[in-house]
2 protein chains.
Amino acid sequence: MPYCLYFRARGGHLQANRPQSPNPEFLRRAIALATENVRAGKGGPFAAVVVREGRIVGEGANSVTSANDPTAHAEVNAIRNACRALGTFTLAGCELYTSCEPCPMCLAASYWARLDAIFFGCSAADAARAGFDDAFLYEELRRDHAARTLPTTQMLREEAQASFDAWIASKNKIEY
Amino acid sequence: MPYCLYFRARGGHLQANRPQSPNPEFLRRAIALATENVRAGKGGPFAAVVVREGRIVGEGANSVTSANDPTAHAEVNAIRNACRALGTFTLAGCELYTSCEPCPMCLAASYWARLDAIFFGCSAADAARAGFDDAFLYEELRRDHAARTLPTTQMLREEAQASFDAWIASKNKIEY
């Protein structure tokens, strides 16, 4: 279900569903995992946990360099692990506790996962001071294609529409 | 290396490195994979290929619903597969051809992967018409925390700084 419809189905206001008292122990767990990740040499100083009904259902630490995967950020890993544990592609009803504000990749992943709320420790500006691109990426994504440093060009739009036509016509599709 | 330094090291203008003639056959390959993905019932109508020096080094189609992974978008899968094939966490020197404009998650992943260029078929608005959230997510990411539908709250910033302190002090870290 598209997020806008999902959001409406949830009463039009996810903020109202925010836990009254987030549990700082879950964020402390993420921070401890992030620091341990640096000491173990597995990747950047980031970790996250996914919580459902007061219980951790997935954890993840940054493993970009050890897993040779530029998408293996803490939040993406935690979301993937939680979904694997729960056998689902949606984390509605779950909260994300992450040692640092999610980068745009991880924030968008949180929407796609239908997470209820995000609690974070350091900010994107703190990450920038430690040498990471999070704040820069937020600036880039606000720009139009032509103004971005990564060149992005549209081609063959008419031909590409065929894939959407197949989707719209499909009778057995699973929406997400 | 942070993107801003990487960008400077590349001469301050990735646009200058853009291939003079993108090869439409690579985009046609992505479109065919996207349509096949719908027919196979594996996920949404999206696929992508990563190309290096005129050769495909990684392919990916959306597998959100079949893999129970909300991050398993076409571009993320193609980037992960290309990195696995090349044994690296950076795709500098590679281009991404994708059947649809990357969503914010996939665009940010493209930056983290250091891709040289992106060529896409359908736009985020086309995706929105087919029931996907891409355009909505671009709007959300432009907003401040407080104005987003997904509640995002900062906590324990001082404690969280410990992970960055460990990173800055680490002598054997691999930057990315």
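What you are looking at is a predicted structure, and each value in this text was computed from that prediction instead of being measured. (Residues numbered from 1 in each chain as written. Chains lettered and ligands numbered in written order. Predicted model: local features only at pLDDT ≥ 70, side-chain atom pairs only at ≥ 80, totals over all residues. Heavy atoms only, no water.)

A.B. asks: Would you mind showing me how to read the confidence of the model for chain A here?
C.D. replies: Low pLDDT means the predicted coordinates in that region are not meant to be read closely. Scored by pLDDT, chain A comes out at a mean of 91, with 90% of its residues at no less than 70. Among the scores for the predicted complex, ipTM is 0.93 and pTM is 0.93. (pLDDT = per-residue confidence, 0-100.)

A.B. asks: Just to check I follow, could you spell out helix H4 (residues 104-112) of chain B for this structure?
C.D. replies: The α-helix winds at 3.6 residues per turn, so residues separated by three or four positions along the chain end up facing the same way. All names here are of chain B. Burial analysis of H4 places nine of its nine residues in the buried class, the great majority of the element. Turning to H4, its buried residues number three or more, namely Pro104, Met105, Cys106, Leu107, Ala108, Ala109, Ser110, Tyr111 and Trp112. Note on H4: the residue one or two positions beyond its end, arginine 114, has a positive phi of about 65°. (Buried < 20%, exposed > 50% of the residue type's maximum accessible area, 1.4 Å probe, protein only. Helix = DSSP H or I, 4+ residues; strand = E, 2+ residues; numbered from the N terminus.)

A.B. asks: Before we go on, may I ask you to explain the sheet that holds strand E5 (residues 152-154) of chain A in this structure?
C.D. replies: Within a sheet, adjacent strands bond to each other through the backbone by hydrogen bonds, running parallel or antiparallel. Pairing within the open sheet is mixed, and its five strands lie in the order E5(A)-E4(B)-E3(B)-E1(B)-E2(B). Across the chains shown, the open sheet's two edge strands, defined by having one partner strand only, are E5 of chain A together with strand E2 (55-61) of chain B. Pairs of neighbouring strands in the sheet enclose a mean axial angle of 20°, with direction left out of account. Here three bridges tie E5 of chain A to strand E4 (residues 117-122) of chain B, and the two strands are oriented parallel to one another. In the strand pairing of E4 of chain B, threonine 153 of chain A is matched with phenylalanine 119 of chain B. Relative to E2 of chain B, helix H3 (residues 74-86) of chain B is tilted by about 140°, and along the sheet it contacts strand E1 (47-52), E2 and strand E3 (94-100) of chain B. (Pairing = 2+ DSSP bridges. Axes fitted to C-alpha atoms, helices over the stretch in contact; angles between N-to-C directions. Contact = heavy atoms within 4.5 Å.)

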